[in-house]
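# Examining the three-dimensional arrangement
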Amino acid sequence: KNYHKNKTIHCQLKGIRLITIFSDELDNVDRLKHRLQYLMGTMPRLAHARDCIIKCVPFKVIAEFLDNYHIQGKVASSINVAAYYNNDLVGTMTFGNLRKSLGSSKHDGVYELIRFCSKGNIPGLANKLLTSFVRQYNPQKIVTYSDNRWNTGNVYKKMGFELVCETQ
């Protein structure tokens, strides 16, 4: 049950960054290559966040983008903040109510940051998207999850999130 988590922790203690790829993630090789390129630091810089236009868009606008660029693909969300550079969708951060499937229940003013992804290296984009969401919706609290097979959670720390616990 904890095999992959323990293996990841063991590697971290030895200074090794382990990336675990499950067989179902091989279904979209382009998405997998994109994510690995990002993790290796070879992702080309598209722009700076300050050069992007941020706006809220319907889910149908970002669904294909998430399927192309987020390692887990699309998932329903009620608030979708998108970044455009030269009229091209280059990144998104999605939000919604806390998900029952993850053991949470809906609370007024509490949101879950569900997805964040970009199609290139855009320094400052995560913070700009989050700031836009906070200004518009004034949340009391935001929770999110980091799949540590793929992430370190550092982007969330940089945005001011606090690690509460690690799940199985």
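Residues numbered from 1 in each chain as written. Predicted model: local features only at pLDDT ≥ 70, side-chain atom pairs only at ≥ 80, totals over all residues. Heavy atoms only, no water.

The next thing to look at is the environment of Phe65. Mapped onto the elements of the fold, Phe65 is located in helix α3 (residues 59-69). It is 8.5 Å that separates the C-alpha atoms of Phe65 and Thr92, two residues lying 27 residues apart in sequence. Setting aside its immediate chain neighbours within four residues, Phe65 contacts His70, Leu89, Val90, Gly91, Thr92, Cys117, Ser118 and Lys119. (Helix = DSSP H or I, 4+ residues; strand = E, 2+ residues; numbered from the N terminus. Contact = heavy atoms within 4.5 Å.)

Turning our eyes to something else, we now look at the pattern of salt bridges. Summed over all chains, the structure comprises 2 salt bridges. Between Lys74 and Asp67 there is a salt bridge, and its shortest N-O distance comes to 3.1 Å. You can call Asp67 partly exposed: its relative accessible area is 23%. Asp88 is the salt-bridge partner of Lys119, the closest N and O atoms lying 2.9 Å from each other. Of the two residues, Lys119 is situated in the loop between β4 (110-118) and α4 (125-137) and Asp88 in strand β3 (residues 88-96); the sequence distance between them amounts to 31 residues. For Asp88, a relative accessible area of 33% gives the class partly exposed. (Salt bridge = Lys/Arg side-chain N within 4 Å of Asp/Glu carboxyl O. Buried < 20%, exposed > 50% of the residue type's maximum accessible area, 1.4 Å probe, protein only.)

Ranked by size, the top nonpolar core spans 20 residues in total, and within it Met93 and Phe95 carry the most contacts. For this core, the secondary structure elements donating two or more residues are β2 (79-85), β3, β4 and α4. Here this core gets 5 residues from one element, more than from any other, and that element is α4. Setting aside residues no more than four positions away along its own chain, Phe95 makes contact with Ser77, Ser78, Ile79, Val81, Glu112, Leu113, Ile114, Leu130, Phe133 and Ile142. Formed by 8 residues, the second largest nonpolar core is a distinct cluster that contains Ile62, Phe65, Tyr84 and Leu89. (Core = buried A, V, L, I, M, F, W, Y, C linked by side-chain atoms within 4.5 Å.)

Quick look at the packing of aromatic side chains now. Evaluation of the coordinates by the stated rule reveals 6 aromatic pairs. Arranged with centres 4.9 Å apart and planes meeting at 45°, the rings of Phe65 and Tyr69 form a pair that is tilted. Placement of the pair is Phe65 and Tyr69 together in helix α3, with a separation of 4 residues, close to one helical turn. For Tyr69, a relative accessible area of 23% puts it in the partly exposed group. The rings of Phe95, Tyr111, Phe133 and Tyr137 are connected pair by pair, giving a single aromatic cluster. A cation over an aromatic ring shows up here: Lys55 above the ring of Tyr84, its NZ or CZ 4.6 Å from the ring centre. (Phe/Tyr/Trp six-rings, centres within 6.5 Å; stacked < 30°, edge-to-face > 60°. Lys NZ or Arg CZ within 6 Å of the ring centre and 35° of its normal.)

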